[in-house]
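A closer look at the structure
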Amino acid sequence: MCALCGCLDGDEHWTDAVARKGVFTRNDDPARRRQERARRVQVANRVLKLYGLRLSDWQGASFLLATFTGKSEIVGDLGHLWAAAERLAGRSCDPLDPELLARLDADG
Amino acid sequence: MVDAAPAFTPVTLLTGFLGSGKTTLLRRLLGDPALYDTAVIINEFGEVALDHLLVERLDGETVLLGSGCLCCTVRGDLAATMRDLHSRRERGTVLMFRRLVIESTGLADPLPVLSTLRADPVLRHHFRAAGVVTTVDAVNGLMQLDRYVESMRQAAIADVIALTKTDIADDDAIMPLEARLGTLNPQAPVLRVADGPLPVNALLAAGRSPFRAIGEPDGTVSHSKARAFSIIVEEPIDWSSFGVWLTMLLNRHGAKILRVKGLLALRGEARPVAVHAVQNLVHAPTHLETWPDGERRSKLVFIVEDLDPELIRRSFAAFARLGVAGTSALVSADPI
């Protein structure tokens with residue numbers, strides 16, 4: 001279900017494409033899928049922490065996005081992550097923000 | 001042998017500014033024997049009559065929006081018309097069509113049409129987007145591109161640009177327009193369609209044209225507020241970092257990112273992966289069998305509006321480093 005719209009059988013997100021001929025996805029094998037989800041959480045958290053947020057896998061089906069004070073939202077996929085992050089953080093999450101880029105450069 | 005419908009019926013979107021010759025082009029296309037099994041959905045019956053077996057009209061302009069989620073935007077009228085066509089085809093009460101052409105209005109934003117194909121739970125199992133053909137008027141095209149943002153956006157998202165009215169325009173007007181279109185949307189072939197045989201195959205192959213990188217490695221070109229530029233990366237890209245970056249970028253700036261088309265050399269993947277986005281709508285990535293130019297490296301072409309290409313490049317690089325850095329960054333940090 002699309003977490004934003006409440007549409008049943010919602011959109012297939014491009015980062016989680018259903019395995020089928022010609023389509024690139026890491027959903028084609030359970031181990032690769034778990035590995036990709038873990039990696040996605042790790043990478044996203046490097047950005048989200050700068051907004052006071054943390055992402056974790058939720059039962060292998062969704063993700064739990066939470067503030068450091070415990071306010072949380074379930075998000076289905078990366079397509080809905082950033083809108084939820086902006087709601088929880090109460091500010092825009094802009095990957096072109098020079099301050100964010102400077103912090104990422106410093107972290108790297 | 002009984003004719004069967006294709007597993008996924010290709011849908012070509014025909015768009016273009018007001019008076020740019022969409023319906024004239026459509027009428028000529030439908031006259032070609034190759035399109036005898038094509039169904040057509042148009043927004044209104046205009047002055048150019050369409051003599052075709054299967055023409056459906058959209059009755060409304062209703063756009064049903066989800067609560068703020070662009071990827072779930074469904075044009076209710078379009079979805080209902082397409083479902084009805086599909087249902088009647090299954091029951092054998094209409095021509096066994098194997099292709100669908102949707103003609104949009106001159107001021108339409110094509111995005112809801114494309115998102116309808118993907119978001120509607122019935123349609124997405126039976127139809128697939130085959131490409132966007134945009135008509136551009138050779139006489140007024142330059143003025144329209146400069147003056148009307150709709151015209152510029154329609155050209156920017158095109159897979160193929162059909163240049164119309166070249167029979168009544170001077171070469172002095174056509175050549176600058178072709179050059180402008182080439183810089184605005186370097187991925188799209190520009191075909192003159194006013195005179196001579198219609199390049200039906202090239203138009204129908206919209207969306208399957210080979211990937212062409214531009215201006216390597218620094219190919220920023222400007223077109224009023226719109227810019228096309230490329231990012232070329234020699235090192236393999238981390239798929240997770242790319243997904244995090246592009247979703248974040250499209251969430252904040254999707255309306256200004258008219259087009260993203262690219263080939264990715266991903267870490268852990270031998271074959272190239274093609275990505276293709278129109279504003280917030282990103283198609284499922286696909287595997288290609290071989291590298292088109294024999295060089296294994298990532299190439300992304302962006303067409304953006306009012307965004308700084310250098311900032312996007314810098315952001316891409318910063319996020320790419322997240323995929324190769326160690327885990328030390330997971331320690332807590334003060335929010336920005």
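Note that the coordinates shown come from a computational prediction; the quantities given were computed from them, not determined experimentally.

1. Describing the overall build of chain A
Looking only at helices and strands, chain A has three helices and three strands in total. Scanning chain A from its N terminus toward the C terminus, one meets helices and strands in the order α-β-β-β-α-α. Evaluated residue by residue, chain A yields a buried proportion of 37% over its 108 residues. Taking contacts inside chain A between residues at least 6 apart in sequence as the whole, the part at least 24 apart equals 27%.

2. A word on the overall build of chain B
Assigned secondary structure in chain B consists of nine helices and 14 strands. By the burial criterion, 47% of the 336 residues in chain B qualify as buried. By sequence separation, contacts in chain B at least 24 residues apart represent 74% of the contacts at least 6 residues apart.

3. Thoughts on the domain arrangement of chain B
Residue and element names in this part refer to chain B. The assigned domain composition of chain B is domain 1 (9-204) and domain 2 (221-323). If you look at the interface, domain 1 gives 16 residues, while domain 2 gives 15 residues. Secondary structure elements with two or more residues in the side of domain 1 that touches domain 2: α3 (111-119), α5 (149-156) and α6 (171-184). Across the side of domain 1 that touches domain 2, the residue classes tally to nine nonpolar, four polar and three charged.

4. Here's the deal with the sheet that holds strand β3 (residues 72-75) of chain A
Residues and elements named next belong to chain A. On the basis of which strands lie adjacent, the open sheet formed by three strands has the order β1-β2-β3 and antiparallel pairing. Strands at the two margins of the open sheet, each flanked by one partner only, are β1 (53-58) and β3. Within the sheet, the average angular offset between the axes of one strand and its neighbour, ignoring direction, is 25°. Here β1 runs beside strand β2 (residues 62-67); their pairing, made up of six bridges, is antiparallel. Bridged to S56 within β2 is L64.

5. Side note on unusual backbone geometry
Glycine aside, a negative phi is what most residues show, and trans is what most peptide bonds show. Of note, the phi angle at Q59(A) is positive, near 60°, even though the residue is not glycine. Within the secondary structure layout, Q59(A) lies in the loop between β1 and β2. Positioned with a positive phi, K165(B) is a non-glycine residue whose angle comes to about 60°. Among the structural elements, K165(B) can be located in the loop between β6 (160-164) and α6.

6. Section: the pairing of strand β4 (residues 99-103) of chain B
All names here are of chain B. Judged by how many residues are buried, β4 sits mostly within the fold: four of five residues are covered. Bridge count for strand β1 (residues 9-16) against β4 is four bridges, and the pairing is parallel. Bridged to T12 within β4 is V101. Bridge analysis of strand β2 (residues 38-42) against β4 gives five bridges, and the strand direction is parallel. Paired with T38 across the strands is R99, a residue of β4.

7. A word on the packing of helix α1 (residues 30-48) of chain A against helix α8 (residues 239-253) of chain B
Each pair of packed helices can be summarised by the angle the axes make with each other and by the distance between the axes. Axis separation between α1(A) and α8(B) bottoms out at 9 Å; the angle between their running directions is 50°. Considering the angle they form, α1(A) stands oblique to α8(B). Along this stretch, α1(A) crosses α8(B), giving a crossing that reads as right-handed. On α8(B), the residues touching E36(A), R39(A), R40(A), V43(A), A44(A) and V47(A) of α1(A) are S240(B), S241(B), G243(B) and V244(B). In terms of residue class, the contact of α1(A) with α8(B) is built from four nonpolar, three polar and three charged.

8. Observations concerning the nonpolar core
Among soluble globular proteins, nonpolar side chains are generally buried collectively. If you look at the biggest cluster of nonpolar residues, it comprises 109 residues, and the most contacted ones within it are L65(A), L81(A), A85(A), A155(B), I161(B) and F302(B). Shared between two domains, this core takes at least three residues from each, and those domains are domain 1 (9-204) and domain 2 (221-323) of chain B.

9. A few points about the pairing of strand β10 (residues 257-264) of chain B
All names here are of chain B. Along β10, eight of the eight residues are buried, which leaves the element largely enclosed by surrounding structure. Across six bridges, the pairing between β10 and strand β14 (residues 298-305) is antiparallel. Of the residues in β14, the one forming a bridge with L263 is K299. Pairing of β10 with strand β11 (residues 273-278) involves five bridges; the strand directions are antiparallel. The residue bridging G262 from the neighbouring strand is V275, located in β11.

The rules behind these values
- Residues numbered from 1 in each chain as written.
- Chains lettered and ligands numbered in written order.
- Predicted model: local features only at pLDDT ≥ 70, side-chain atom pairs only at ≥ 80, totals over all residues.
- Helix = DSSP H or I, 4+ residues; strand = E, 2+ residues; numbered from the N terminus.
- Buried ≥ 20, exposed ≤ 12 C-beta atoms within 10 Å, placed from the backbone.
- Contact = placed C-beta atoms within 7 Å.
- Domains from an automatic or database assignment.
- Nonpolar A, V, L, I, M, F, W, Y, C, P; charged D, E, K, R; others polar.
- Pairing = 2+ DSSP bridges.
- Axes fitted to C-alpha atoms, helices over the stretch in contact; angles between N-to-C directions.
- Parallel < 35°, antiparallel > 145°, perpendicular 65-115°, else oblique.
- Left-handed = near helix turned anticlockwise from the far one by under 90°.
- Core = buried A, V, L, I, M, F, W, Y, C linked by C-beta atoms within 7 Å.

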